[in-house]
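Each chain, letter by letter, is given below.
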Amino acid sequence: MARRRLEAAAQEGRSCEGDNGFSRLTLKQEIAISKEYRGVYSLQYSYDGSQLAVGFGSGCIQVYDADSGKLQTTFKKSLYLNFPVMALRYNPKKQDLLYAANAKGTIVACDSKSEGCVEVVTEKANEINTFDFSADGYSFATAGKDLNIRIYNTNTGQLDHEYDGYHPVKHSDHDFKGHSQRIFALRYHPENNYIFLTAGWDNCVKIWDSRTRDGVERIISGPHVCGDSLDVKGYKVLTGSWRSKNALQIWEHTSGTLEKTVPFKCDDGGEFLYCAQFCDHGVVLAGGSGTKSVQAVNSDTGQVGSGTTDQIVVK
């Protein structure tokens, strides 16, 4: 319940980009989830904000009406041996198609019209923790346990390119560019179909260009990312690190330099962020296990609205 409410509030940022801009953070709906689903691992709003897709630890995928909180569709019922749904994304080209990645290394495409799912990709011996579509929807990239980055053709499901992670037998330290530990976040640039960013346990963000052989064009050192806490907007990169302080940071995309550390209100429990996202009007959304809360923070002033940081506390 705690993880579900925390991430749902952070993901609400998808719907705060309307004409009137961001005003404040409030709890819109609370949906009761049965323990048999073994917790919520991923959430994603549809592009028009009308639906909220939820991926569970049991492998079940459900879609709710974002306004009423009513269940609309169950794509995959719970089975004892199913694997957690680690990431969800709607297809930008066909927005009625919901893609889901699980810890078994499989991605399925779920059709809201037929209420059925079709296996699109299987990566043997991998756990897919994250994936994302390019802005035009013609490609999607995956990342996870085996450290490799794979780029697929959305129409065919065929592998177009693969960038290796670090393997001691194959790589020496001086020519290594891939990740050396598990990857938990991958985000395409919303204005460029070839640029994407990745982050994970190895304390860095890597900026990739899929038009190049080696892929990695730039490295931002510092962020320790353990969840969906990576975002990019224009020339700014947002990271949320799983650490006690200075966890929420904004970086300059082209140089990789730290622009600012955004204050995240916490007590002795520390910040320890799992999710972070740009909103609008300088506001960023973030949440984590240290405070068991999600906060909307003005990145310029450290405040929101009337002068206090908006916060939803998860009990």
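The model shown is predicted, which means the values in this text are computed figures rather than measured ones.

Trainee: Would you mind showing me how to read empty space enclosed by the protein here?
Mentor: Where empty space is left in the structure can be found by rolling a water-sized probe over the atoms. Applying the stated criterion across every chain, the model contains four cavities of 30 Å³ or more. Lining the second largest cavity we find Gly59, Ile61, Lys76, Phe83, Val85, Ala100, Ala101, Asn102, Thr106 and Val108. Listed by contribution, the elements that provide at least two residues to the lining of the second largest cavity are β6 (97-102) and β7 (106-111). For the lining of the second largest cavity, the leading source of residues is β6, giving three residues.

Trainee: I tried to follow the sheet that holds strand β11 (residues 149-153) on my own but got confused; where do I start?
Mentor: The strands that make up a sheet are held in pairs by hydrogen bonds between backbone atoms, and each pair lies either parallel or antiparallel. Spatially, the four strands line up as an open sheet ordered β9-β10-β11-β12, and their pairing is antiparallel. Each edge of the sheet is formed by a strand with only one pairing partner; in this case those strands are β9 (128-133) and β12 (159-163). Across the sheet, the axes of successive neighbouring strands diverge by a mean angle of 20°, strand direction being ignored. Taken together, the four bridges between strand β10 (residues 139-144) and β11 define a ladder with antiparallel strand orientation. Paired with Ser139 across the strands is Asn153, a residue of β11.

Trainee: Honestly, the pairing of strand β14 (residues 195-200) in this entry has me stumped. Any pointers?
Mentor: The side chains of a regular strand alternate, first on one face of the sheet and then on the other. Burial analysis of β14 places six of its six residues in the buried class, the great majority of the element. By the alternation rule, side chains of β14 split into Ile195, Leu197 and Ala199 and Phe196, Thr198 and Gly200, which are all buried. Direction of pairing for strand β13 (residues 183-188) relative to β14: antiparallel, over a ladder of five bridges. Residue pairing across strands places Ala185 opposite Ala199, the latter belonging to β14.

Trainee: Is there a simple way to explain the side chain of Ser241 in this structure?
Mentor: Relative to the helices and strands, Ser241 resides in the loop between β18 (236-240) and β19 (248-252). Of the polar contacts made by the side chain of Ser241, one reaches the backbone nitrogen of His224; its length is 3.0 Å. Residues within four places of Ser241 in sequence aside, it is in contact with Pro223, His224, Ala247, Phe272 and Leu273.

Trainee: Looking at this model, I keep getting lost on the pattern of salt bridges. Mind explaining?
Mentor: Two side chains of opposite charge can pair, provided their charged atoms sit close to one another. Under the counting rule described, the total for this entry stands at 15 salt bridges. Close ionic contact of Lys28 with Asp67 constitutes a salt bridge, the shortest N to O distance being 3.3 Å. One end of the pair, Lys28, is in the loop between α1 (2-11) and β1 (40-45); the other, Asp67, is in the loop between β3 (61-65) and β4 (71-76), and 39 residues separate them in sequence. Residue Lys28 is classed as partly exposed on the basis of its relative accessible area of 40%. Of the residues examined, Asp67 reaches a relative accessible area of 53% and is grouped as exposed. The residue Arg150 makes a salt bridge to Asp146 at a minimum N-O spacing of 2.7 Å.

Trainee: Mind showing me how you'd approach the state of the cysteines here?
Mentor: Chemically, a disulfide is nothing more than a covalent bond linking the sulfur atoms of two cysteines. Using the criterion set out here, one finds one disulfide in the structure. Between the sulfur atoms of Cys110 and its disulfide partner Cys117 the distance amounts to 2.2 Å. Between Cys110 and Cys117, the disulfide has an S-S torsion of 100° and is therefore right-handed. By relative accessible area, Cys117 is classed as partly exposed at 31%.

Trainee: Hey, could you run me through the pairing of strand β20 (residues 258-261) in this one?
Mentor: Bridge analysis of β19 against β20 gives three bridges, and the strand direction is antiparallel. Bridge pairing in β20 links Gln249 to Thr261. In this structure, the hairpin formed by β19 and β20 is closed by a connection of five residues, where Gly256 is found at a positive phi of approximately 80°.

Trainee: Explain the environment of Glu119 to me, please; I cannot follow it from the model alone.
Mentor: In this structure, Glu119 sits in strand β8 (residues 116-122). Of the residues examined, Glu119 reaches a relative accessible area of 54% and is grouped as exposed. Along the primary structure Glu119 and Gly157 are separated by 38 residues, whereas in three dimensions their C-alpha atoms are 9.5 Å apart. Leave out the neighbours within four places in its chain, and Glu119 touches Thr106, Ile107 and Val108. Only 2.4 Å separates the side chain of Glu119 from the side chain of Thr122, close enough to count as a polar contact.

Trainee: What's the story with the sheet that holds β1 in this structure? I'm lost.
Mentor: With antiparallel pairing, four strands are arranged side by side in an open sheet as β1-β2-β3-β4. In the strand order of this sheet, the two ends are held by β1 and β4, each with one partner. With direction set aside, neighbouring strand axes in the sheet form an average angle of 20°. Judged from the five bridges that link them, strand β2 (residues 51-56) and β3 form a sheet pairing that is antiparallel. If you follow Leu52 over to β3, its bridge partner there is Tyr64.

Parameters at a glance
- Here, residues in each chain are numbered from 1, in the same order as that chain's written sequence.
- Selection of residues for local features in this predicted model requires a pLDDT of at least 70, selection of side-chain atom pairs for listing and counting requires 80 or more, and totals for whole chains, interfaces and linings are taken over all residues.
- Think of the side-chain values as coming from all heavy atoms in the structure, minus any hydrogens and water.
- Here a cavity is any set of points on a 1 Å grid over the protein atoms alone where a 1.4 Å probe fits but cannot get out, and a pocket is any open set with protein on both sides within 12 Å along at least 5 of 7 lines; a residue lines the site when it has an atom within 4 Å of a point.
- Grid points are joined across faces, edges and corners, and a volume is the space filled by probe spheres set on the points.
- Each helix is a run of H or I in the DSSP string that is no shorter than four residues. Each strand is a run of E no shorter than two, and both are numbered from the N terminus.
- A strand pair is defined by DSSP finding two or more bridges across the two strands.
- Each axis is a line fitted through C-alpha atoms, taken for helices only over the stretch in contact, and angles between the N-to-C directions span 0 to 180 degrees.
- Relative accessibility under 20% of the residue-type maximum defines a buried residue, over 50% an exposed one, and the middle range a partly exposed one, all with a 1.4 Å probe and only protein chains included.
- Any N or O atom pair separated by 3.5 Å or less is treated as a polar contact, with the protein-specific requirement of one donor-capable and one acceptor-capable atom, and with residues adjacent in sequence counted only for side-chain atom pairs.
- We call two residues contacting when some pair of their heavy atoms lies within 4.5 Å.
- By definition, a salt bridge exists where a carboxyl oxygen of Asp or Glu is found within 4 Å of a side-chain nitrogen of Lys or Arg.
- Cysteine sulfur atoms are paired as a disulfide whenever they fall within 2.5 Å.

Worth remembering: the numbers are spatial, not functional.
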